[in-house]
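Commentary on secondary and tertiary structure
Below, each chain spelled out in residue letters.
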Amino acid sequence: MMEIIKLIFDFLSDIKWFVLIVIIIFVFRGPLNGLIQRLVRFKWKGGNTELSVEATDKVTTKENGEVNAPSLEKPIEKSEQEKIEEEVTDKEGGEDKSWYTRVDEALDEGRVFDAKAIFKEIEEQEKDNEMLLDYKAVFLYLLYFKGNDNTAINALQELAKSAKDDDTRYFVLDRLSACLENSEQNEVVIDLWEKSAKQFKSEEYITRAIVRQAKALTIDANDEKLSKAKTLLISRLKHIVTNDEKSTIFFALSKLEEKLDNHVLSVYCMDKSIEYNPKNKDTLFSAAYEASEHGLDDISISNYVSLLKIDNDNAAVLNNLGVKAEKEKLYIKAIENYKESSKYENTLAMANEGNLLLKSGFTSEAKKVAKEAETISKGNPHKNVYALLTRISEQKEEEDEKWNEIIRISKKRQKFIREYTGAYYAGINNNFSGEWISENGNKVDIEVTGNKIAANWGEMMNLMVSLKYTISITGTITKSTFHGVYSKVDKERQGALLLGSLNEKFSCLGVLSEDGSELKIMAEDSKQKFSLLLKKDK
């Protein structure tokens, strides 16, 4: 018994320091947490080099697991209230303190009576009846959301009836819809926009109403409602002619496909929306960012480059192009973009630049050192200095060429994807069956059964020996497109490891031209670098 007690005391004696440390950590956990936070944020400076590190809740990681990957600048979406304030300020001529701001402040402070008094003055001063209706709609919207006045909904409904033109009616209905959605009367919202689409006179506002009806159908929706929303949008697409309306419909389809978890189609639709409205900077940025998020770098690069042409000092775009260049291992090109973005005090670009410099061996610093060496030696430095300067110049030229080629290929793929997206939703020709001729003269037989497509043909490839490949494409047809699998197999040598490595199999997309004479096929993944043009055999 005494032995057991002795063993227990020996054990407690051995772990006493561990127990004491645990108690101290528990008692002083608050101050220790602050100390740790300070310790993981430090700055080191030596000579002309400065290194800053800041801890974050998450470690940014690339798909291949690389830590400290460069970060993309995210799009910033304006709140509904910010949009309304801009609209009102624009209509008032940009006054320093609009009636909207004064009413907003009064309601924030709970002074509902003062807010009503301020707006009463506006009612008495404003002579334009349609403008006054717009102002009333905004005031009632604020009264509902900030003044907690549910009677504002009925007032907005009556206000909509008195609107004389489509522009004013839509403006009022927009505010009414927001209030109804907030009060969870979604069925009323669906009915509101369905009836409004039949009452509007202009095609533009009919399209807008249908888009709003489709959007309402997606809120807490089941499969039936989502299907109805999609049918509404695609049906409307067949009747509109203006680019603005087409852009609006494809943007709505993008949001809908996202709801349906069709992320790639969602990106395609947003990019198609941009094709019809290429000057919309916000949507252009969002389209580029979303494409990048879903691995569609060709569309992302193409849209960032397009945006930079109309907004050449956009720091976020410059940073994100730097990220794209770095992903392609074009490090000098990446540094150029980061530095350009940093001129506009974009600290994210600075962080990305710093990480890349550390990872790639300080390329720009190498050039600075080489130039300094040339100056110090009075024009007679070590021969390796000139070799370094030459290499830097050559590498920059090489990367410029590669970057331009990436942009060219990205634009080509984007053009194909836009054709595919348009034909996927609104194509009218689905005559895929028959005999086709490939670019190198091979005959291709395509059979269609229901909505399934199947093509088979042979191709010769001369390497050290002549190889005969069997090529097949199978897929599912949607309107004038198909989504399927391309396969190339050397059946005679499948067991040979070296030659068998030339076999291929990957997802592909196809789109039929409007007259049915051409079928363009491209790999779904841009990394495959595959495209094929078939022409109808006449």
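Just so it is clear, the structure is predicted and the values come from calculations on it, not from any experiment.

Core analysis: the largest hydrophobic core is formed by 76 residues, its most contacted members being Trp 99, Val 103, Leu 156, Leu 233, Leu 253, Tyr 268 and Tyr 425. A total of 11 residues in this core trace back to one element, the largest contributor, which is helix H6 (residues 129–145). In this structure Leu 253 touches Lys 230, Leu 233, Ile 234, Cys 269 and Tyr 425, once residues within four positions along its chain are discounted. Counting 27 residues, the second-largest nonpolar core is a separate cluster that includes Ala 288, Leu 321, Ile 335 and Tyr 338.

Let's shift gears to the pattern of salt bridges. What the rule picks out here adds up to 29 salt bridges. Here Glu 245 and Arg 236 are joined by a salt bridge, their closest N and O atoms 3.6 Å apart. The class for Arg 236 is buried, based on a relative accessible area of 9%. Notably, a salt bridge pairs Lys 343 with Glu 340, separated by 3.2 Å at the nearest N-O pair.

With that out of the way, let us pick up the packing of aromatic side chains. Any two aromatic rings considered together are summarised by their centre-to-centre distance and by the angle between their planes. Using the criterion set out here, one finds 20 aromatic pairs in the structure. With 5.0 Å between their ring centres and 85° between their planes, Tyr 144 and Phe 145 make a pair best called edge-to-face. In this structure Phe 145 comes out as partly exposed when scored by relative accessible area, which is 31%. On the numbers, 5.6 Å between centres and 35° between planes, the contact of Phe 200 with Tyr 205 is tilted. One exposure class covers both Phe 200 and Tyr 205, and it is buried. Following the ring pairs from residue to residue traces out a cluster consisting of Phe 250, Tyr 268, Tyr 276, Tyr 420, Tyr 424 and Tyr 425.

The angle between the axes and the distance between the axes are what describe a pair of packed helices. Their axes nearest at 10 Å, the elements helix H4 (residues 99–108) and H6 cross at an angle of 15°. The angle between the axes of H4 and H6 places the two elements in the roughly parallel class. Seen along the crossing, H4 lies across H6 with a hand that is right-handed. Every residue of H6 that contacts H4 at Trp 99, Tyr 100, Val 103, Asp 104 and Leu 107 is listed here: Tyr 135, Val 138, Phe 139, Leu 142 and Leu 143. The residue makeup of the contact of H4 with H6, split by class, is nine nonpolar, no polar and one charged.

Between the first and last C-alpha of helix H10 (residues 203–217) there are 21 Å, a value that for 15 residues agrees with the 21 Å anticipated at 1.5 Å per step. Buried residues dominate H10, accounting for 11 of its 15 residues. Among the residues of H10, those classed as buried are Tyr 205, Ile 206, Thr 207, Ala 209, Ile 210, Val 211, Arg 212, Gln 213, Ala 214, Ala 216 and Leu 217.

With that out of the way, let us pick up the confidence of the model for the protein. On average, the protein scores 81 in pLDDT, and the residues at 70 or more come to 73%. At the low end of the mean pLDDT range in the protein sits strand E2 (residues 49–54), at 30; at the high end sits strand E9 (residues 518–523), at 96. Long-range and interchain partners of residues 22–68, a stretch whose pLDDT sits below 50, account for 32 contacts in this model, where long-range means more than four residues apart. Taken as a whole, residues 92–96 scores under 50 in pLDDT and shows five contacts with residues more than four places along the chain or in a different chain.

The subject of this paragraph is the packing of helix H8 (residues 166–182) against H10. Packing of H8 against H10 brings their axes to within 11 Å, and their N-to-C directions diverge by 5°. In this view, H8 runs roughly parallel relative to H10, as classed from their interaxial angle. Here H8 contributes Asp 166, Asp 167, Tyr 170, Asp 174, Ser 177 and Glu 181 to the contact with H10, which in turn contributes Tyr 205, Arg 208 and Arg 212. Partitioning the contact of H8 with H10 into residue classes produces two nonpolar, one polar and six charged.

Here Ser 438 is to be found in the loop between strand E3 (434–437) and strand E4 (443–449). Given a relative accessible area of 6%, Ser 438 falls into the buried group.

Turning our attention to H8. Helix length check: H8, at 17 residues, gives a terminal C-alpha distance of 24 Å against a target of 24 Å (1.5 Å per residue), a fit within 8%. Near the N-terminus of H8, the side chain that reaches the backbone nitrogen of Asp 167, with its oxygen 3.1 Å away, is that of Asp 165.

The next subject is a negative patch on the surface. Together, Glu 435, Asp 445, Glu 447 and Asp 537 give the surface a local cluster of negative charge. The partly exposed category is assigned to Asp 445, whose relative accessible area is 42%.

With that out of the way, let us pick up unusual backbone geometry. In this model, Lys 479 sits at a positive phi of 50°, which is unusual for a non-glycine residue. Looking at where Lys 479 falls in the secondary structure, it is placed in the loop between strand E6 (466–478) and strand E7 (481–489). Of note in the backbone geometry, Lys 529 takes a positive phi value of approximately 55° without being a glycine. Tracing the sequence through the fold places Lys 529 in the loop between E9 and strand E10 (531–536).

Here is what the cut-offs are and how they apply
- Residues numbered from 1 in each chain as written.
- Predicted model: local features only at pLDDT ≥ 70, side-chain atom pairs only at ≥ 80, totals over all residues.
- Heavy atoms only, no water.
- Core = buried A, V, L, I, M, F, W, Y, C linked by side-chain atoms within 4.5 Å.
- Buried < 20%, exposed > 50% of the residue type's maximum accessible area, 1.4 Å probe, protein only.
- Helix = DSSP H or I, 4+ residues; strand = E, 2+ residues; numbered from the N terminus.
- Contact = heavy atoms within 4.5 Å.
- Salt bridge = Lys/Arg side-chain N within 4 Å of Asp/Glu carboxyl O.
- Phe/Tyr/Trp six-rings, centres within 6.5 Å; stacked < 30°, edge-to-face > 60°.
- Axes fitted to C-alpha atoms, helices over the stretch in contact; angles between N-to-C directions.
- Parallel < 35°, antiparallel > 145°, perpendicular 65-115°, else oblique.
- Left-handed = near helix turned anticlockwise from the far one by under 90°.
- Nonpolar A, V, L, I, M, F, W, Y, C, P; charged D, E, K, R; others polar.
- Expected span 1.5 Å × (residues − 1).
- pLDDT = per-residue confidence, 0-100.
- Polar contact = N/O pair within 3.5 Å; in protein donor to acceptor, adjacent residues only side chain to side chain.
- Patch = residues over 30% accessible without salt bridge, like charges linked within 9 Å, V, L, I, M, F, W, Y side chains within 5 Å.
- Areas by Shrake-Rupley, 256 points an atom, 1.4 Å probe, with all protein chains shown as cover.
- Lys, Arg positive; Asp, Glu negative; His and termini not counted.
- Charge placed at Lys NZ, Arg CZ, Asp CG, Glu CD.

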